[in-house]
Amino acid sequence: MSYLSQEEKQQLQFDWRYKGVSILNLLTEEEVDEYNKELERIRLERQENDTDNEWGEYDPFMYPHKQSKVLDGLMKHPKVIEAVEFLMNGKVFGVQTWA
């Protein structure tokens, strides 16, 4: 089953080849809102637990997908995976991430 339309694939391929970057709206506005809300929740939680002032307010953090099932789902989102595998012409695997 393909999650990307033929037009999306053509746009991905063209932009990647001739611009070196591809931008598509792979997520719905509702999904983006959910991910942003979850990232903000984790950021605030980290700030509350930071008794040594180790983190700046918007410093990146490692492994957000291990702290959140919502963000873990983003790494496994079928449209994201299909787009990356299409561009890379092969399977992809999630590794260390920063958010």
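Residues numbered from 1 in each chain as written. Predicted model: local features only at pLDDT ≥ 70, side-chain atom pairs only at ≥ 80, totals over all residues. Heavy atoms only, no water.

**Quick look at the confidence of the model for the protein**
Part 1 of the argument: In the predicted model, the protein carries a mean pLDDT of 86, and 95% of its residues have values of at least 70.
Part 2 of the argument: Element-level mean pLDDT values for the protein span from 83 in helix H3 (residues 64-67) up to 93 in helix H1 (residues 6-19). (pLDDT = per-residue confidence, 0-100. Helix = DSSP H or I, 4+ residues; strand = E, 2+ residues; numbered from the N terminus.)

**Some details on the environment of Ser-2**
Part 1 of the argument: Along the chain, the position of Ser-2 falls in the segment before H1.
Part 2 of the argument: Here the alpha-carbon distance between Ser-2 and Lys-66, two residues 64 residues apart in the chain, equals 28 Å.
Part 3 of the argument: Discounting residues that sit within four places of it in the chain, Ser-2 has contacts with Lys-9 and Glu-82.
Part 4 of the argument: Within the structure, the side chain of Ser-2 is placed 3.0 Å from the backbone oxygen of Leu-4, a separation counted as a polar contact.
Part 5 of the argument: At a separation of 2.7 Å, a polar atom in the side chain of Ser-2 contacts the side chain of Glu-82. (Contact = heavy atoms within 4.5 Å. Polar contact = N/O pair within 3.5 Å; in protein donor to acceptor, adjacent residues only side chain to side chain.)

**Some words on a nonpolar patch on the surface**
Part 1 of the argument: Residues Trp-16, Val-84 and Met-88 make up a contiguous nonpolar surface patch of roughly 270 Å² in combined accessible area.
Part 2 of the argument: Structurally, Val-84 is set in helix H5 (residues 78-88).
Part 3 of the argument: Taking the relative accessible area as the measure of exposure, Val-84 reaches 33% and is therefore partly exposed. (Patch = residues over 30% accessible without salt bridge, like charges linked within 9 Å, V, L, I, M, F, W, Y side chains within 5 Å. Areas by Shrake-Rupley, 256 points an atom, 1.4 Å probe, with all protein chains shown as cover. Salt bridge = Lys/Arg side-chain N within 4 Å of Asp/Glu carboxyl O. Buried < 20%, exposed > 50% of the residue type's maximum accessible area, 1.4 Å probe, protein only.)

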